[in-house]
Amino acid sequence: MTYVSRPLDDRNIKTGRYPRSLAQLLVFEATDRFGFYGLQGILLIYLIQGLNFPEASANLTMASFNGLSSVATLFGGAIAGRLISVRSTVALGAAMQCFALSYLAWSNSGIITFLIGLAFVAIANGLTRPNTATLVSGLIMPGKRSDELFTWYAFAVNLGAGIAFFIVPYVAKGQWTAGFGLCALSAGIGLLSILYRPLVAKSGITAQKTHHSSGMVSVLLSATITGIATLGVYVLLQKPLYGQLAFLAANLLVPLLGIRLWLRCSPLERRRFAIALVLIAQAMFYMIFDEQTTSSFVLLALHDVGSDFHLGKFVILRLSDSQFVAVNAGLTMAFAPLIAHFYHCLDRAGYRVPLHTKYLMGSIFIVLSVGILWLQLAFQTSSRLSPWSLATSYAFISIAGLLMSSLGLAVIAEYIPRRFNSISTAMYYICTGVTMYYGGRLSNALALHRLTTKLSTAEMQSIFTILFAWLTGIAILGCCLFVALQPLLSRWERNLDF
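Here is a short report on the structure shown in this document. As the structure is a computational prediction, the values presented were derived from the model and not from experiment. (Residues numbered from 1 in each chain as written. Predicted model: local features only at pLDDT ≥ 70, side-chain atom pairs only at ≥ 80, totals over all residues. Heavy atoms only, no water.)

**Looking at the overall build of the protein**
Stated precisely, the cut-off is as follows: Counting from the N terminus, the helices are the DSSP runs of H or I reaching at least four residues and the strands are the DSSP runs of E reaching at least two. Here the term buried applies to any residue with accessible area under 20% of the maximum for its type, exposed to any over 50%, and partly exposed to those in between, with areas from a 1.4 Å probe on protein chains only. Residue contacts follow a heavy-atom distance rule, with two residues in contact if any of their heavy atoms lie within 4.5 Å. Using the Shrake-Rupley algorithm and a 1.4 Å probe, accessible areas are obtained, with residue cover drawn only from the displayed protein chains.
On a plain count of helices and strands, the protein comes out with 19 helices and 4 strands. Buried positions account for 58% of the 498 residues belonging to the protein. For the protein, restricting intrachain contacts to residue pairs at least 6 apart in sequence, the fraction spanning at least 24 positions comes to 85%. Element-wise, carbon and sulfur atoms account for 66% of the exposed surface of the protein, whose accessible area totals about 20,600 Å².

**Regarding the pattern of salt bridges**
What counts, and what does not: By definition here, a salt bridge exists when the distance from a side-chain nitrogen of Lys or Arg to a carboxyl oxygen of Asp or Glu is within 4 Å.
Inspection of the entire model under this criterion finds 4 salt bridges. Note that D308 is salt-bridged to R318, the shortest N-O span being 2.6 Å. Of this pair, D308 sits in strand β3 (residues 308-311) while R318 sits in strand β4 (residues 314-318), and the two are 10 residues apart along the sequence. For R318, a relative accessible area of 55% gives the class exposed. Via salt bridges that share partners, E29, D32, R33 and R129 belong to a single interconnected network.

**Comments concerning the nonpolar core**
Selection rule: Side-chain atoms within 4.5 Å link the members of a nonpolar core, which is a set of buried Ala, Val, Leu, Ile, Met, Phe, Trp, Tyr and Cys residues.
Grouped together as the largest cluster of nonpolar side chains are 159 residues, with contacts concentrated most on F114, F464 and F468. Sort the elements by how many residues they give to this core and helix α2 (residues 21-50) lands first, with 15 residues. Not counting the four nearest positions on each side in its chain, F468 is found in contact with F297, L300, V370, L373, W374 and L377.

**A few points about the pairing of β4**
Consecutive residues of a regular strand have side chains that alternate between opposite faces of the sheet. The condition is simple: In this analysis, strands are considered paired if DSSP registers two or more bridges between them.
Alignment of β3 against β4, held across 4 bridges, turns out to be antiparallel. Residue pairing for β4: D308 is matched across the bridge by R318. Counting the residues in the hairpin turn of β3 and β4 gives 2 residues, including G312, whose phi is positive at 70 degrees.

**Quick look at helix α14 (residues 325-348)**
Stated formally: Here, expected helix span is obtained from the residue count minus one, scaled by 1.5 Å. Fitting one axis to the seven residues ending at a residue and another to the seven starting there, the bend at that residue is the angle between the two axes.
When the terminal C-alpha atoms of α14 are compared, their 35 Å separation across 24 residues agrees well with the 34 Å that a helix rising 1.5 Å per residue should span. Along its length, α14 reaches its greatest deviation from straightness, about 25 degrees, at F335, and the proline P337 lies no more than four positions downstream. Burial in α14 covers these residues: V325, A326, V327, N328, A329, T332, A336, I339, A340, Y343 and L346. One or two residues past the end of α14 sits G350, with phi positive at roughly 80 degrees.

**As for a nonpolar patch on the surface**
Which entries qualify depends on this criterion: Residues qualify for a patch when their relative accessible area is over 30% and they have no salt bridge, like charges being joined within 9 Å and the nonpolar side chains of Val, Leu, Ile, Met, Phe, Trp and Tyr within 5 Å.
Together, I163, F166, I167, L311, F314, I316, L317 and W388 line one region of the surface with nonpolar side chains, adding up to about 760 Å² of accessible area. Inspection of the secondary structure assignment puts L317 in strand β4. Relative accessible area serves as the criterion here: at 35%, L317 is assigned to the partly exposed category.

**A look at the environment of R270**
Here R270 lies in helix α12 (residues 267-293). By relative accessible area, which is 27% here, R270 ends up partly exposed. For the pair R270 and P417, spaced 147 residues apart in the sequence, the C-alpha separation amounts to 9.6 Å. The residues contacting R270, other than those within four sequence positions of it, are W262, L263 and C265.

**Some remarks on unusual backbone geometry**
The backbone phi angle of N52 is positive, close to 60 degrees, even though this residue is not glycine. By secondary structure assignment, the location of N52 is in the loop between α2 and α3 (55-71).

**As for the packing of helix α5 (residues 86-106) against helix α8 (residues 176-194)**
The criterion, for reference: Only the stretch in contact is used when fitting a helix axis, every axis being a line fitted to C-alpha atoms; angles between N-to-C directions are given from 0 to 180 degrees. Note on angle classes: values under 35 degrees are labelled roughly parallel, values over 145 roughly antiparallel, values of 65 to 115 roughly perpendicular, and the remainder oblique. Crossing chirality is assigned from the near helix's rotation relative to the far helix, an anticlockwise turn below a right angle marking it left-handed and a clockwise turn marking it right-handed.
Interaxial distance between α5 and α8 falls to 8 Å at its minimum, and their mutual angle equals 160 degrees. On the basis of the axis angle, α5 is roughly antiparallel to α8. Like other packed secondary-structure pairs, α5 and α8 cross with a definite hand, here left-handed. From α5, R87, V90, A91, A94, A95, Q97, C98, L101, S102, L104, A105 and W106 reach across to α8, where they touch T177, F180, G181, C183, A184, A187, G188, L191 and I194.

Laid out in structure tokens, this is it:
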């Protein structure tokens, strides 16, 4: 027995309201992301302070984990619907994440032990991320764009991430076990929510028999393959050279997958596919900077940003270095309903803003995000930057994420045939994961490789000034390229029969 999407109820189509199963999926996504991003929120600081990693090595390990967590979505997309159902794959991933985070909370804090736990979490993310998106995409209303639906999906992601980034570093301060334990608790709640069948069965996800030869054989085979994949990720995390080779292999795998899907498309589908590829490439550009929000931005907060938010003479908020990431997720969560409502109003008015135009707007916000930090660092006169500067930078990158990264799944839903949904979603996450890995390597190569504990304050500030000057230049070049692509993408859009 497996669980698949079925057509939406006529009442949902007439009223234009999404079924209640959307709420269940959003609850799962929020709690599951709390566990994942709670770990991510303390990972860099834990590697430096808990496991005594050099800062450049910790930054590369962070990038490797982020990248492998995304690349693992190919594994999750491959087994879903083939060995076990999409929903069962999500449940398996949720169970793995709950186990892995509990393992980190109660095990010894050695490097090998910790990397094993990270490998489990990376594979768990690969199982849940693409397949939750697949379940959500099955709720798209006939005749409606997917922008609004996936903006709400982004809201759920950032609801879990925002709360996690704010609470987990506070709980984990001086007590790492408590931080990992809180992440495990949230992952457990997510597991229970996705296993709650009555709500799912009532609204859009139903059970049907499949042609699998044996349910037990499929489960055992899936568990075996998952174990092998986890071992492989552990080896890649432990050996940076192997990880680099793996990401190079992923670079070759993505074009091969793209060619395979292209050959199976009709002429009209290929025109849509071409637009999707260009937009996915633009989303990959954003991920270079998204990687900085949990690495370079956090290191900047650690070394050169004050913790107290002043309003006049009053301190209205105090954040630790690792808690600053909560500003990013919190603002994304706050902006998401506003942007979703804006999309809804545009749809009702019959006005559709092309996705490539939204991507262009997102690239402008990337320039603003890194540019404001570069200017603040270039003209810094105080011993530490004002936290308002970093918060403003996070605000701009949050809007960029909603306009680019969050719409990546909308690109899949809009332009790629639904029969390729799972594998194309995984391909998208591989692309972004590889880019995040190289985003970490890029920041190391540009400046962060010079970070040591022996540097003076002036030398530390110089390193970050150079880094953000380079990032600003790269962002401006990307924005100019997006502008140049607008006429081509507009012409392609006009040739499509929506």
